[in-house]
Amino acid sequence: MSNKPVRAQAKGSAGVTAAPDSAVGEHAPVEASAKAPPAPEGKNSVKKPKPARGESHLAMVRRARRINRELAEIYPYAHPELDFRNPFELLVATVLSAQTTDLRVNQTTPALFAAYPTPEDMAAAAPEDLEELIRPTGFFRAKSRSLLGLSQALRDDFGGEVPGRIEDLVKLPGVGRKTANVVLGNAFGVPGITVDTHFGRLVRRWKWTGQEDPEKVEAEICAIFPKSEWTMLSHRVVFHGRRICHSRKPACGACPIAPLCPAYGEGETDPEKAKKLLKYEKGGQPGQRLTPPPDYPGLPAPPAAARAARP
Ligand code: SF4
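Residues numbered from 1 in each chain as written. Predicted model: local features only at pLDDT ≥ 70, side-chain atom pairs only at ≥ 80, totals over all residues.

**Digging into the environment of serine 234**
To keep things clear, this is the line we draw: For helices the rule is a DSSP run of H or I covering at least 4 residues; for strands it is a run of E covering at least 2, with both sets numbered from the N terminus onward. Here a residue counts as buried when 20 or more other C-beta atoms sit within 10 Å of its C-beta, as exposed when there are 12 or fewer, and as partly exposed otherwise, the C-beta atoms being derived from the backbone. Placing a C-beta atom from the backbone of each residue, one calls two residues in contact when those atoms lie within 7 Å.
Inspection of the secondary structure puts serine 234 in helix 12 (residues 230-243). Here serine 234 falls in the buried class, since 27 other C-beta atoms lie within 10 Å of it. Sequence separation of serine 234 and glycine 185 is 49 residues, and the distance between their C-alpha atoms is 9.7 Å. Beyond its immediate stretch of four places on either side in the chain, serine 234 contacts Gly185, Ile193, Thr194 and Phe199.

Next up, the structure:
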């Protein structure tokens with residue numbers, strides 16, 4: 001689609017043609033996802049999303065689903081950017097990813113999983129050895145305590161297996177709803193919306209929600225999309241946030257969904273300057289995974305050793 005922004009389209013449904021798309025359920029009633037997690041209780045728990053000026057809720061839902069379809073075309077290869085081979089590795093990598101990049105985690109976990117391939121192995125680790133291995137990811141003492149605690153819980157309470165239910169996962173040390181949804185969605189095939197910093201920023205820019213609290217964001221976005229879309233929607237939005245719609249300098253002038261975005265103009269609108277802001281495969285740079293999926297069009301990330309050897 002053209003990069004030329006048509007801001008009026010974002011203000012109402014008139015300019016947004018709803019192409020049939022059974023996967024996304026464009027024509028399904030808004031209640032299609034009524035099984036979304038309930039919004040957490042609290043004074044502001046039912047705050048309605050603030051629509052783009054003059055846009056009805058229904059028009060916003062149609063625009064949101066259109067954006068999802070566009071993102072599916074832009075990032076057909078969207079995937080988790082943490083390297084993992086089984087649910088345990090994904091759980092550990094996700095805990096380590098707090099306050100650091102997926103790249104840093106991916107450069108750290110090969111040695112970690114070589115030393116402690118199972119929950120039983122990690123549960124028996126000496127804390128100082130574990131800390132040393134995960135030190136590059138930051139907050140290594142707290143993360144080490146979480147990994148020891150969750151490994152021991154997996155060993156003692158779940159027969160050495162990662163449980164596939166959110167209510168069990170969130171009871172593990174260091175595991176919140178975000179981590180649980182990542183594990184469920186990508187290791188167990190259970191649909192879930194993962195609200196990280198990128199996801200929250202973008203859905204607020206797009207006026208899909210006005211909420212700041214991640215659990216309220218999750219509940220409101222779940223209500224917009226069919227359950228079957230939740231996991232891939234999360235990947236697509238995070239991919240877009242990492243590559244184009246950055247926190248400080250969104251590359252609006254190089255953004256394929258600019259015509260659908262009420263926040264167009266928050267970032268660089270000059271196409272040539274915006275192009276220089278693109279990251280990872282969109283900017284011709286390596287990705288974050290050392291072992292990206294076969295359909296990933298960019299380069300794999302360099303392992304830790306190669307990175308250290310660079311001048
Ligand atoms: S880069 Fe700009 S136009 Fe694109 S989604 Fe972000 S704010 Fe909107």
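**A closer look at helix 10 (residues 197-205)**
Every buried residue of helix 10 is accounted for by His198, Phe199, Gly200, Leu202 and Val203. Turning to helix 10, the residues buried within the fold contact helix 11 (214-222) and helix 12. Lysine 207 occupies a position one or two residues after helix 10 and carries a positive phi of about 65°.

**Notes on the site of the ligand**
The line we're drawing: Should the C-beta atom of a residue, placed from the backbone, lie within 6 Å of a molecule or strand, that residue is near it. Think of it as three bins: nonpolar holds Ala, Val, Leu, Ile, Met, Phe, Trp, Tyr, Cys and Pro, charged holds Asp, Glu, Lys and Arg, and polar takes everything else, Gly as well.
Taken together, 14 residues lie around the ligand, and Cys245, Pro250, Cys252, Cys255 and Cys261 are the ones closest in. When the residues that make up the shell around the ligand are grouped by side-chain class, the tally is 11 nonpolar, one polar and two charged.

**Thoughts on the packing of helix 3 (residues 87-96) against helix 4 (residues 102-115)**
For the record, the criterion: Every axis in this analysis is a line fitted to C-alpha atoms, fitted for helices over the stretch in contact. Angles between the N-to-C directions lie between 0 and 180 degrees. Throughout this description, any angle smaller than 35 degrees is read as roughly parallel, any larger than 145 degrees as roughly antiparallel, any in the 65 to 115 degree range as roughly perpendicular, and the remainder as oblique. In this scheme the crossing of two helices becomes right-handed for a clockwise turn of the near helix relative to the far one and left-handed for an anticlockwise turn of less than a right angle.
Two numbers describe how helix 3 lies on helix 4: the axes approach to 10 Å, and their chain directions differ by 135°. Viewed along their axes, helix 3 and helix 4 adopt a mutual orientation that is oblique. Crossing angle aside, the handedness with which helix 3 passes helix 4 is right-handed. Across the interface between the two elements, Glu89, Ala93 and Leu96 from helix 3 touch Val105, Thr108, Thr109 and Phe113 from helix 4. Across the contact of helix 3 with helix 4, the residue classes break down as four nonpolar, two polar and one charged.

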